[in-house]
Amino acid sequence: MNALELGVGALILLSGFLSMAAGVGALRFPDVLSRLHAATKPQVLGLAVVLLAVVLRVPSWGVVSTVVLIMTFQLLTQPMTAHMLGRASYRSDELRRDLLIRDDLGRDIAEYEQQRERDDDPAR
Amino acid sequence: MSALDVMGVAAGVMFGVGAIAALVRIIRGPTMLDRALAIDVLLAIAMCGLAAGMAVNGHTETLVVLLVLALFAIVGSIAIARFIGKEDRS
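Residues numbered from 1 in each chain as written. Chains lettered and ligands numbered in written order. Predicted model: local features only at pLDDT ≥ 70, side-chain atom pairs only at ≥ 80, totals over all residues.

Draft legend 1. Looking closely at helix α4 (residues 104-119) of chain A. Between the first and last C-alpha of α4 of chain A there are 23 Å, a value that for 16 residues agrees with the 22 Å anticipated at 1.5 Å per step. Among the 16 residues in α4 of chain A, 0 count as buried, and that is only a small part of the element. (Helix = DSSP H or I, 4+ residues; strand = E, 2+ residues; numbered from the N terminus. Expected span 1.5 Å × (residues − 1). Buried ≥ 20, exposed ≤ 12 C-beta atoms within 10 Å, placed from the backbone.)

Draft legend 2. Examining the environment of Ala 88 of chain A more closely. Structurally, the position occupied by Ala 88 of chain A is in helix α3 (residues 61-91). In this structure, Ala 88 of chain A is in contact with Leu 33, Ala 81 and Ile 84 of chain B, ignoring residues within four places of it in sequence. (Contact = placed C-beta atoms within 7 Å.)

Draft legend 3. Geometry of the interface of chain A and chain B. Between chain A and chain B, the contact holds 46 residues from the first and 49 residues from the second. Looking at the side of chain A that touches chain B, the elements that each hand over two or more residues are α1 (3-28), α2 (32-57) and α3 of chain A. Looking at which element gives the most residues to the side of chain A that touches chain B, the answer is α1 of chain A, with 15 residues. Across the side of chain A that touches chain B, the residue classes break down as 28 nonpolar, 13 polar and 5 charged. (Nonpolar A, V, L, I, M, F, W, Y, C, P; charged D, E, K, R; others polar.)

Draft legend 4. How the structure looks around the nonpolar core. One finds Val 50 of chain A together with Ala 51 of chain B to be the most contacted residues of the largest nonpolar core, which totals 57 residues. At the level of secondary structure, the elements contributing two or more residues to this core comprise α1, α2 and α3 of chain A together with α1 (3-28), α2 (32-57) and α3 (63-82) of chain B. Element by element, the count of residues in this core is highest for α2 of chain B, at 15 residues. Beyond its immediate chain neighbours, meaning those up to four positions away, Ala 51 of chain B contacts Leu 47, Val 50, Leu 51 and Val 54 of chain A together with Leu 66 of chain B. (Core = buried A, V, L, I, M, F, W, Y, C linked by C-beta atoms within 7 Å.)

Draft legend 5. Representation of α2 of chain B. Between the first and last C-alpha of α2 of chain B there are 37 Å, a value that for 26 residues agrees with the 38 Å anticipated at 1.5 Å per step. After α2 of chain B finishes, the residue Gly 58 of chain B shows a positive phi value of roughly 75°.

Draft legend 6. Spotlight on the confidence of the model for chain B. Residues and elements named next belong to chain B. Scored by pLDDT, chain B comes out at a mean of 86, with 93% of its residues at no less than 70. Taking the mean pLDDT of every element in chain B, the minimum, 88, falls on α3 and the maximum, 91, on α1. Two summary scores accompany this predicted model of the complex, namely pTM at 0.86 and ipTM at 0.86. (pLDDT = per-residue confidence, 0-100.)

Draft legend 7. Here's a closer look at the environment of Ser 19 of chain A. All names here are of chain A. With respect to the helices, strands and loops of the structure, Ser 19 is situated in helix α1. A tally of 34 C-beta atoms within 10 Å means that Ser 19 is categorised as buried. Along the backbone, Ser 19 and Gln 78 are 59 residues apart, and their C-alpha atoms lie at a distance of 15 Å.

Draft legend 8. Up close: the packing of α3 of chain A against α3 of chain B. Running from N to C, α3 of chain A and α3 of chain B cross one another at 10°; their axes reach a closest spacing of 9 Å. Judged by the angle between their axes, α3 of chain A and α3 of chain B are roughly parallel. Residue-level contacts link Val 63, Thr 66, Leu 69, Ile 70, Phe 73, Gln 74, Thr 77, Met 80, Thr 81, Met 84, Leu 85 and Ala 88 of chain A of α3 of chain A to Leu 63, Leu 66, Leu 67, Ala 70, Leu 71, Ala 73, Ile 74, Ser 77, Ile 78, Ala 81 and Arg 82 of chain B of α3 of chain B. Looking at the contact of α3 of chain A with α3 of chain B residue by residue, the class counts come to 17 nonpolar, 5 polar and 1 charged. (Axes fitted to C-alpha atoms, helices over the stretch in contact; angles between N-to-C directions. Parallel < 35°, antiparallel > 145°, perpendicular 65-115°, else oblique.)

So this is what it looks like as structure tokens:
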């Protein structure tokens, strides 16, 4: 048991903890937006630490390049997924508005509606 | 059984708890978006678990699987989120 194995084990344990937290959060949080907050933890940080553990365990350039590719694609695609899910939940009214602290999208939608009503006004 | 194996088993138990919680959310989830989100969580836990298995056993055979999963994990949830409607409750 040397320091390298200890570090690899600690990184794996951190990833496992983040995955468990995401599962429990997805089970216990009240609506889609707050579940989204819990779900994005293992998708980025959990995968990053466990890929770092793989690189530490098998240190070669092929592994490093593949790991960088995996993390790049993950960082490109997962924010799109979270954004689309949050937007769809807002648009289909499947969220608890009493839990919202700020509602910038609602304000923008209201401004747009007002603008359109002014433009459609026939007495102009 | 070395200390790294013990740590791997402990992490595996935590992955299992997270995956079971996500599965319960998939089964119960009041809306379709909850299910899409829980499927995403399950997929992320599966990716973390595959990578943890590689790190414990010291091989790199499933690295390509991780690459493909990172590329195509987006398809299912975006399809669901785009075609969801107000009336699709259940």
